Amino acid sequence: MYYEVSVFVENKPGKLSRVVEVLGNAGIDILALNVSDDGQFGVLKILTAEPSRTQQVLSTANMTVAINKVACIEIKDEPGGLVKLAKAIEEAGLNVKDAYGCILERGKRAVFVVKGDDLEAIEKAARSVGLKPLESL
Amino acid sequence: MEHIKDPVGSRFEWMSTDEIAEFQSERLRESVAQAGKSPYYAAKFAEAGIKPEDIQSREDITKLPFTTKEDLRLSYPTGMLAVDPEQVIRMHTSSGTTGKPTAIFHTRQDIENWAELMARCLAMVGATSKDVFQNMTGYGLFTGGLGLHYGAERLGMWTIPAGAGNTARQIMLMKDFHVTVIHATPSYAMHIAERMLAEGDNPKSLELRIGVLGAEPYTEEMRLKLQDIYGFKVFNSYGLSEMNGPGVAFECTYQNGMHVWEDSYLVEIIDPNTLEPCKPGDVGELVMTTLRRTAQPIIRYRTRDLTRILPGECPCGRKHIRLDRMIGRSDDMLIVRGVNVFPSQIEEVLMKHEWVGGNYVIHLTTVGAMDEMTVKVEISKTSFDGSIETLRKLRDHLQKQIREQVGFSVHVEVLEPGSLPASEGKAKRVVDEREGR
C-alpha cells in the first residue's frame, strides 16, 4: 500500500505552477502528476517519494490537500510491461477507478498506480503473477 | 385631454384630488375597523393603544403602527384573517421568501375589486375587449398570473393563460392567435425577442401593440430597447402580493410614472431609518395601506421598495398620484428573473452541507437578456477527500437544492478555501453585475 497526495485546484491560470513551485522549493521530487478536470475545478494527484511531507508542505502553503491510499505495482519498463498486471486485474474481476503510471528507471523499472474499491485485492492479483506492490518509492 | 368613457365602469378613475382625500379618509376608518377584527391586528392595535375611533381622517394614519413582512410571518397562517373563513374564496402567498410564506386572503368582493383595478390598468394603457392578451407569467400562488388574468377577462379581452416558459409555444401562440397585448417580465420579453431574432424571425412581424412588463425592476433603456425590437409600447407595472399583486400602480399612455389607485391604496413615503415621512418628492421607502380589502386589510405595510412620488399633474388628467420607478430595496432582497430571493435562502442551503466552508458570494450577471445567478462557494479545508467525483456531487447537489429553494436554475462553483475576498466587517455576499444596474 502506498499514498498519493491530492490537491483541490480551481481551474485558473497559475494554479499548477503554484503547486509545483511549492514542492520544488521544499526539495520534493514529483514522480508522477495527474490532473482531473471538471471545467471550473480540478484535482491534481501527485506521486512522490515522501507522501506525508508532500501533504504537509502543501497544506502549510494553504492548499486544500488530501492523502489517499493507492496500490503501486512495480512493472518492467518495456513494451508490453503492463500486460501481465492488466490481465491479472481483469481475471480477478476487479474494478479500476483511476490509474496512471511512471517510469522509475528508464528501460528497467516502472510503477503503475491504481485506485479501486479493493486495493488489497489488486495487490493480491499483482502478487499472483509475480509482480511487487511497493511500500516505498 | 378628452376623457373617454371609463370602459370598466369604475366611478373611481377620474376622482378629483378632493374626492380622493375624502374617500381615503372614509375608507381608512373602515379599513382600520375591519383590520381590528383579525386576531393579529386586534392585539397589535391594543398594544399600541389604538382605538378605531382614533382614526378620523387619512392624516391620522401616522398614529397607526407599521406592518412588516415579519408581522405577516408571525401571523401565518391565518392570524390576519378579518372575516369568517367561509367568506374567503382565494389565497395567495408571496414569492420566494425564507421559511414560512406570507399568506394573503380574498373574499369574492376583494377578488372583484382586484380584477377591476387590473382592468383599469389595462384600459388605461389602451387595451380593449378587441385585444388578444397573452399572459406569460406563472399562475398559482404567485399573483402575477391570476391577477392579470382576472383583469383581462374583466375588460373582456381574449385571454390566453400561457403561463411562464416554453418560449417556442409562446411564439407560436402569439402568431396563431394574432396576440396584441402581452404580460411578461422584461427579461423574458427580451429573451423571446432574442430567440426570434436568432431563428431569423422578426419580433416586429408579431401584431403586438402593448407590452405590460413588470415583476422585476428595469431601466428606461431596457424599455426603449424592447419598444424598438417589438415595435410596441411598454408599460411598467408595479405590484406586490401583500397589496393583492399586480394592479397596484401602473403607467398610463404618457409613460411618466406609475399611477397608484388611491381609492384602493393609501401611499406614504418614509425614511426607512427614522420612519418619519419624507419631504414631498424625496426618495424613501414606499408604505402602503389597503383601503378596500376586507378579508385581510393591511395597515402601513413597509414594502421595502424605494421610490418617490412624482410632483405635478399627469397630462392624462387622472389625479391618482404617480410613483417613480423603484430604485432599489431598503433591505437585501434580490429580484432575480422576477423572483424574490434573499441571500439568506442561499446561505441556508449552503450551510446545511458539511463540505461547505463559511465564505460564499452570490454573483449576478446578465446572459443574453436573462438574469444569471452563480453561487461561488468555498469548500471547507478539512472535508476534501481527494476525489473529483465528490466535488462534482457536491456541486450538483447544491445546484439542485438552491434551485428547489429559489425556483430557478443557478450555477454553483466550488472554490478553494481562502480564494474569495475575506470580509471586512459586513460580508459582501452579493455581487450584482447585471446590465442596467
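Anything mentioned here points back to the structure above.
To start, this report covers the structure provided alongside it. Computed from a predicted model, the values in this text were never measured in an experiment.

## Here we look at the pairing of strand β6 (residues 109-116) of chain A
Residues and elements named next belong to chain A.
Move 1: Within β6, seven of the eight residues are buried, which leaves it mostly tucked inside the rest of the structure.
Move 2: Note: strand β4 (residues 64-76) against β6, six bridges, orientation antiparallel. Paired with Ile 73 across the two strands is Phe 112, which belongs to β6.
Move 3: Counted between consecutive antiparallel strands, the loop separating strand β5 (residues 96-105) from β6 contains three residues, among which Gly 107 sits at a positive phi close to 80°.

## Considering the sheet that holds strand β3 (residues 132-135) of chain B
All names here are of chain B.
Move 1: Taken in spatial order, the eight strands line up as β4-β3-β5-β6-β7-β8-β9-β13 in an open sheet, and their pairing is mixed. With one partner strand each, in any of the chains shown, β4 (158-160) and β13 (322-323) form the two edges of the open sheet.
Move 2: Pairing between strand β9 (residues 258-260) and β13: two bridges, direction antiparallel. For His 259, the partnering residue across the bridge sits in β13 and is Arg 322.

## Side note on a negative patch on the surface
Move 1: Taken together, the side chains of Asp18(B), Glu19(B), Glu22(B) and Glu26(B) present a region of like negative charge at the surface.
Move 2: By secondary structure assignment, the location of Glu22(B) is in helix α1 (residues 17-35).

## Focus on the packing of helix α4 (residues 108-124) of chain B against helix α5 (residues 143-155) of chain B
Residue and element names in this part refer to chain B.
Move 1: Orientation of α4 relative to α5, taken along the N-to-C sense of each, is 75°, at an axis distance of 7 Å. Compared by their axis directions, α4 and α5 come out roughly perpendicular. Facing Ile 111, Glu 112, Trp 114, Ala 115, Glu 116, Met 118, Ala 119, Leu 122 and Ala 123 of α4, the residues of α5 in contact are Thr 143, Gly 147, Leu 148, Tyr 150, Gly 151, Ala 152, Arg 154 and Leu 155.
Move 2: In the contact of α4 with α5, the residues fall into 11 nonpolar, three polar and three charged.

## Looking at the pairing of strand β11 (residues 284-290) of chain B
All names here are of chain B.
Move 1: Burial analysis of β11 places seven of its seven residues in the buried class, which makes it a mostly covered element.
Move 2: Note that strand β10 (residues 265-270) and β11 share six bridges and pair antiparallel. Of the residues in β11, the one forming a bridge with Glu 268 is Val 287.

## Side note on empty space enclosed by the protein
Residue and element names in this part refer to chain B.
Move 1: This structure, assessed with the given rule, holds two cavities of 30 Å³ or more.
Move 2: Approximately 100 Å³ is the volume attributed to the largest cavity.
Move 3: Lining of the largest cavity is provided by Asp 110, Asn 113, Trp 114, Leu 117, Asn 244, Ser 264, Tyr 265, Thr 290, Leu 291, Arg 292 and Arg 293.
Move 4: Broken down by class, the residue content of the lining of the largest cavity amounts to four nonpolar, four polar and three charged.
Move 5: Volume-wise, the second largest cavity comes out at about 30 Å³.

## Some details on the packing of aromatic side chains
Move 1: Across all of its chains, the model carries six aromatic pairs over all chains by this definition.
Move 2: Between Tyr41(B) and Phe45(B) the ring centres are 5.3 Å apart and the planes differ by 35°, which places this aromatic pair in the tilted class. You can see Tyr41(B) and its partner Phe45(B) sitting in helix α2 (residues 39-48), four residues apart, about one turn around the helix.
Move 3: Each member of the aromatic cluster is reached from another via a ring pair, and the members are Phe8(A), Phe41(A) and Phe384(B).
Move 4: One Lys or Arg, Arg300(B), reaches over the ring of Phe66(B) and ends 4.1 Å from the middle of that ring.
Move 5: Note that Arg429(B) overlies the ring of Tyr360(B), its terminal NZ or CZ placed 4.1 Å from the centroid.

## A short note on the interface of chain A and chain B
Move 1: Contact with chain A, which involves 21 residues of that partner, is made by 17 residues of chain B.
Move 2: Summed over both sides, the interface of chain A with chain B buries roughly 1,600 Å², with 55% coming from carbon and sulfur.
Move 3: A per-residue breakdown of the area chain A buries against chain B is headed by Phe8(A), Phe41(A) and Thr64(A), which together make up 36% of the total.
Move 4: Joining chain A to chain B, the criterion identifies three salt bridges.
Move 5: Note that Arg395(B) is salt-bridged to Asp38(A), the shortest N-O span being 2.7 Å.
Move 6: Applying the counting rule to chain A against chain B returns seven residue pairs in polar contact (both at pLDDT 80 or more).

What counts and what doesn't
Residues numbered from 1 in each chain as written. Chains lettered and ligands numbered in written order. Predicted model: local features only at pLDDT ≥ 70, side-chain atom pairs only at ≥ 80, totals over all residues. Heavy atoms only, no water. Buried < 20%, exposed > 50% of the residue type's maximum accessible area, 1.4 Å probe, protein only. Helix = DSSP H or I, 4+ residues; strand = E, 2+ residues; numbered from the N terminus. Pairing = 2+ DSSP bridges. Patch = residues over 30% accessible without salt bridge, like charges linked within 9 Å, V, L, I, M, F, W, Y side chains within 5 Å. Areas by Shrake-Rupley, 256 points an atom, 1.4 Å probe, with all protein chains shown as cover. Salt bridge = Lys/Arg side-chain N within 4 Å of Asp/Glu carboxyl O. Lys, Arg positive; Asp, Glu negative; His and termini not counted. Charge placed at Lys NZ, Arg CZ, Asp CG, Glu CD. Axes fitted to C-alpha atoms, helices over the stretch in contact; angles between N-to-C directions. Parallel < 35°, antiparallel > 145°, perpendicular 65-115°, else oblique. Contact = heavy atoms within 4.5 Å. Nonpolar A, V, L, I, M, F, W, Y, C, P; charged D, E, K, R; others polar. 1 Å grid on protein atoms, 1.4 Å probe; cavity = no way out; pocket = protein on both sides within 12 Å on 5 of 7 lines; lining within 4 Å. Points joined across faces, edges and corners; volume = space filled by probe spheres on them. Phe/Tyr/Trp six-rings, centres within 6.5 Å; stacked < 30°, edge-to-face > 60°. Lys NZ or Arg CZ within 6 Å of the ring centre and 35° of its normal. Buried area = accessible area lost by both parts, 1.4 Å probe. Polar contact = N/O pair within 3.5 Å; in protein donor to acceptor, adjacent residues only side chain to side chain.

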